[in-house]
Amino acid sequence: MRKLLLIILDGVPYRNWRRLFGNLEGWVAQGEARVWRMRSVLPSTSGSCYASIHTGTPPQVHGIWGNGLRRRLELPDVFSEISKAGGKTGAVTHSFWSEFFNRYPFDLVRDIEYDEPEGPITHGRFHTMTGDSGYNQMTPSDVDLFATLTRLCLVKRIDYGILHTCTLDSLGHRFFHDCEEMDDACYRMDEILASFLHQWRAAGYEVIVTADHGQDERGHHGGTGALQQEFAFYYFGTSEMPGPDVVLDQLALAPSILTRMGVAVPPSMKAKPFFTA
């Protein structure tokens, strides 16, 4: 089984990826990574996109219409299929992912951190952002999240891991994306990410760096349009891929991950994988 990490930086529109993430773009320029445009499902709301990213089904099938609706999803997903195939999975994410793919409701003491060899998520490390507001994001430090994922790779030896951070999404809702504050936030995220990405590659992981959706000029997403739906998809790996001008389908991400890791794709994931085995 190949080893793969999925890094999701929540709420970054395509133009800000290509303009502000100099380290990622530098790896593309040097041939170490490749980049595509990806388009989210509709609605382009965070919870809806999280559920689609891992089930490979649209919101009209999985039934998560927005952030206010959470439950344990009964569809096959990336965690469950890799675990059934004998792989170890890890998640360093917002608690939504634990609720969708492990158990609902989220219990702060029980579920903030767990190691469950028989579960779909083998090693879970979660945060909630409880109490967030327009003045206080309540987001963890991204360097702490990246370090936690790295520890799961090195100590727990996970085969598949996902990291999800809401920092840039929260800042985008507050400041919008065409401003000094967002320029600085993206620069800092790119710098922090770079310091860990080479460690993951050295440990034998292929790495995807992408978003769940974009944001428009008013810091909004949920609807249609390039700014709300489209974002960059950076791939550090050797799989054959579509041409660089192809817009990737977010629904193809789950079956692509499973295909790349040598795991059977369930019938519920109907989009054609863009990765090869």
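Please read all numbers here as calculations on a predicted model, not as lab measurements. (Residues numbered from 1 in each chain as written. Predicted model: local features only at pLDDT ≥ 70, side-chain atom pairs only at ≥ 80, totals over all residues. Heavy atoms only, no water.)

Some points on the pattern of salt bridges
Pairing is possible between side chains of opposite charge, provided their charged atoms come close. Under the counting rule described, the total for this entry stands at 13 salt bridges. Here Arg37 makes a salt bridge to Glu230, at a shortest N to O gap of 2.9 Å. Remark: Glu230 occurs in strand 8 (residues 230–236) and Arg37 occurs in strand 2 (residues 34–39); sequence separation between them is 193 residues. For Arg37, a relative accessible area of 29% gives the class partly exposed. Exposure remark for Glu230: the relative accessible area of 7% places this residue in the buried category. Between Glu116 and Arg103 there is a salt bridge whose closest N-O contact spans 2.7 Å. Taken as a pair, Glu116 in the loop between strand 4 (113–115) and strand 5 (123–127) and Arg103 in the loop between helix 6 (95–101) and helix 7 (108–111) lie far apart in primary sequence, 13 residues in all. A relative accessible area of 22% means that Glu116 is categorised as partly exposed. Linked by salt bridges that have partners in common, Arg103, Arg110, Asp111 and Glu116 make up one network. (Salt bridge = Lys/Arg side-chain N within 4 Å of Asp/Glu carboxyl O. Helix = DSSP H or I, 4+ residues; strand = E, 2+ residues; numbered from the N terminus. Buried < 20%, exposed > 50% of the residue type's maximum accessible area, 1.4 Å probe, protein only.)

Considering the packing of helix 8 (residues 142–156) against helix 10 (residues 180–202)
At a closest axis distance of 10 Å, the pairing of helix 8 and helix 10 adopts a crossing angle of 10 degrees. When the interaxial angle is binned, helix 8 and helix 10 end up roughly parallel. Packed against helix 8, whose contacting residues are Asp142, Val143, Phe146, Ala147, Leu149 and Thr150, the element helix 10 presents Met189, Ile192, Leu193, Phe196, Gln199 and Trp200 at the interface. Broken down by class, the residue content of the contact of helix 8 with helix 10 amounts to 9 nonpolar, 2 polar and 1 charged. (Axes fitted to C-alpha atoms, helices over the stretch in contact; angles between N-to-C directions. Parallel < 35°, antiparallel > 145°, perpendicular 65-115°, else oblique. Contact = heavy atoms within 4.5 Å. Nonpolar A, V, L, I, M, F, W, Y, C, P; charged D, E, K, R; others polar.)

Some points on helix 8
Look at helix 8: 20 Å from first C-alpha to last across 15 residues, which is about the 21 Å you get at 1.5 Å a residue. For helix 8, the complete set of buried residues consists of Asp142, Leu145, Phe146, Leu149, Thr150, Leu152 and Cys153. End-on, the buried residues of helix 8 take up no more than an arc of 150 degrees, which puts them together on one face. (Expected span 1.5 Å × (residues − 1). Arc of directions from axis to C-beta.)

Examining the sheet that holds strand 4
With respect to topology, 9 strands assemble into an open sheet ordered 4-5-3-6-1-7-8-2-9, the strand pairing being mixed. Both outer strands of the open sheet, strand 4 and strand 9 (247–249), are each paired with one neighbouring strand and no more. When strand polarity is set aside, the average angle formed by the axes of neighbouring strands in this sheet is 20 degrees. Sheet strands in contact with helix 2 (residues 22–29) are strand 2, strand 7 (206–210) and strand 8, and its direction is about 55 degrees off that of strand 8. Across the sheet, helix 10 touches strand 1 (4–9), strand 6 (160–165), strand 7 and strand 8, and the angle it forms with strand 7 is around 160 degrees. (Pairing = 2+ DSSP bridges.)

Regarding the packing of helix 9 (residues 167–175) against helix 10
One can describe the packing of helix 9 onto helix 10 by two numbers: an axis separation of 10 Å at closest approach and a directional angle of 175 degrees. One finds that helix 9 runs roughly antiparallel with respect to helix 10. Between helix 9 and helix 10, the residues in contact are Thr167, Leu168, Leu171, Gly172 and Phe175 and Glu181, Met182, Ala185, Cys186 and Met189, respectively. Here the contact of helix 9 with helix 10 is built from residues that sort into 7 nonpolar, 2 polar and 1 charged.

Nothing here speaks to function; it is all geometry.
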